[in-house]
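# Summary of structural features
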Amino acid sequence: MASVSVSHMILFIASMVVAASVAGVFTSTVGEISNAVDDQGVHLSDDVRTDVEIISDNGTGACVYSCDVAGNLTLLVKNTGSQQLSGSADQIDVLVNGQYQPPEDVSATVLGDADTWDTNDVVRLEIAEPGLNSGDHRAKVIVNGDEEVFEFRIP
């Protein structure tokens, strides 16, 4: 009879050790998931509050490509979201006909001598000599996950 009590005691202690270790793992995992959800929420909030529009208009005769001797592509991009953005070229991704343009080939200037790209402010992007031929082309601008595409034709 004593041997049954001892074996039950050993099983009880073993089950308590297993339960405590499982609870510790679950507590740690739940904490990590909670932190990940908080981080995702901040990124999602930035994405939702970010909205830009390319306001360049090739159809009205406004110059978009090769307006100067250098043969640059010029895009005007307006911040239409509720978040202040960085007007720095290294924070703006530009693709021309699917080809990524590195930040050193893109210059960004906030019009109106502003230091920051606030709501309703416009940034002039100058993409250095993308070497475009006549025909249809696409430029994609990506800011904080918001993507805008501008299609234009070079005669």
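A short tour of the structure in this document, coming up.

Cut-offs used in this document
Per-chain numbering applies: the sequence of each chain, read as written, is numbered from 1 onward. In keeping with the predicted nature of the model, local features appear solely for residues at pLDDT of at least 70, side-chain atom pairs appear and are counted solely at 80 or more, and the whole-chain, interface and lining totals rest on all residues. Just so you know, side-chain values use all the structure's heavy atoms and leave hydrogens and water out. To qualify as a helix, a DSSP run of H or I must reach at least 4 residues; to qualify as a strand, a run of E must reach at least 2; elements of each kind are numbered from the N terminus. Here the term buried applies to any residue with accessible area under 20% of the maximum for its type, exposed to any over 50%, and partly exposed to those in between, with areas from a 1.4 Å probe on protein chains only. Note on contacts: a residue pair is in contact if any heavy atoms of the two residues lie within 4.5 Å. Working definition of accessibility: Shrake-Rupley area with a 1.4 Å probe, residue cover restricted to the visible protein chains. Here a polar contact is taken to be a pair of N or O atoms separated by no more than 3.5 Å, where protein atoms must pair a possible hydrogen donor with a possible acceptor and residues adjacent in sequence count only if both atoms sit in side chains. By this definition, two strands are paired if DSSP reports at least two bridges between them. Axes here refer to lines fitted to C-alpha atoms; in helices the fit is confined to the stretch in contact. Angles between the N-to-C directions go from 0 to 180 degrees. Salt bridge, as used here, is a side-chain nitrogen of Lys or Arg placed within 4 Å of a carboxyl oxygen of Asp or Glu. For patch detection, residues must exceed 30% relative accessible area and be free of salt bridges, and they are connected within 9 Å for like charges or within 5 Å for nonpolar side chains (Val, Leu, Ile, Met, Phe, Trp, Tyr).

## Thoughts on the overall build of the protein
Looking only at helices and strands, the protein features one helix and eight strands. Listing each helix as α and each strand as β along the protein from the N terminus yields α-β-β-β-β-β-β-β-β. Burial status across the protein gives 27% buried among its 155 residues. Of the contacts made within the protein by residues no fewer than 6 positions apart, 60% connect residues no fewer than 24 positions apart. With the model as given, the accessible surface of the protein reaches about 9,700 Å², and the carbon-plus-sulfur share is 55%.

## A short note on the side chain of threonine 74
Position of threonine 74 relative to the elements: it lies in strand S2 (residues 73–79). A relative accessible area of 13% means that threonine 74 is categorised as buried. Engagement of the side chain of threonine 74 in a polar contact is seen with the side chain of glutamate 126, the distance being 3.1 Å. Ignoring any residue separated from it by four or fewer positions in sequence, one finds threonine 74 in contact with Ser56, Val64, Arg124, Leu125 and Glu126.

## Description of the sheet that holds S2
Ordered by their spatial adjacency, four strands build an open sheet running S1-S2-S6-S5, and the pairing between neighbours is antiparallel. Of all strands in the sheet, those bounded by a partner on one side alone are strand S1 (52–54) and strand S5 (106–110). When strand polarity is set aside, the average angle formed by the axes of neighbouring strands in this sheet is 25°. The sheet contact formed by S1 and S2 spans three bridges and is antiparallel. Paired with glutamate 53 across the strands is lysine 78, a residue of S2.

## A closer look at the pattern of salt bridges
Applying the stated rule across the entire model yields three salt bridges. Between arginine 153 and aspartate 136 there is a salt bridge whose closest N-O contact spans 3.1 Å. In this pair, arginine 153 is assigned in strand S8 (residues 146–154) and aspartate 136 in strand S7 (residues 135–143), connecting sequence segments 17 residues apart. Taken as a pair, arginine 153 and aspartate 136 share a single burial class, namely exposed. Notably, a salt bridge pairs glutamate 151 with arginine 138, separated by 3.2 Å at the nearest N-O pair. Taken together, the residues span a long stretch of sequence, with glutamate 151 in strand S8 and arginine 138 in strand S7 at a distance of 13 residues.

## Regarding the environment of glycine 131
With respect to the secondary-structure elements, glycine 131 resides in the loop between strand S6 (122–127) and S7. With relative accessibility at 57%, the residue glycine 131 sits in the exposed group. Between the alpha carbons of glycine 131 and glycine 71 there is a distance of 7.5 Å; along the sequence they are 60 residues apart.

## Quick notes on a nonpolar patch on the surface
Together, Met9, Phe12, Ile13, Met16 and Val17 make up a nonpolar patch on the protein surface, roughly 520 Å² of accessible area in all. Along the chain, the position of methionine 16 falls in helix H1 (residues 2–49).

## Things to note about unusual backbone geometry
With phi around 55°, asparagine 97 is a residue other than glycine that occupies positive phi space. Looking at the secondary structure, you find asparagine 97 in the loop between strand S3 (92–96) and strand S4 (99–101). For asparagine 97, a relative accessible area of 37% translates into the label partly exposed. The backbone of asparagine 120 shows a phi angle near 75°, a positive value even though the residue is not glycine. Relative to the helices and strands, asparagine 120 resides in the loop between S5 and S6. By relative accessible area, asparagine 120 is classed as exposed at 52%.

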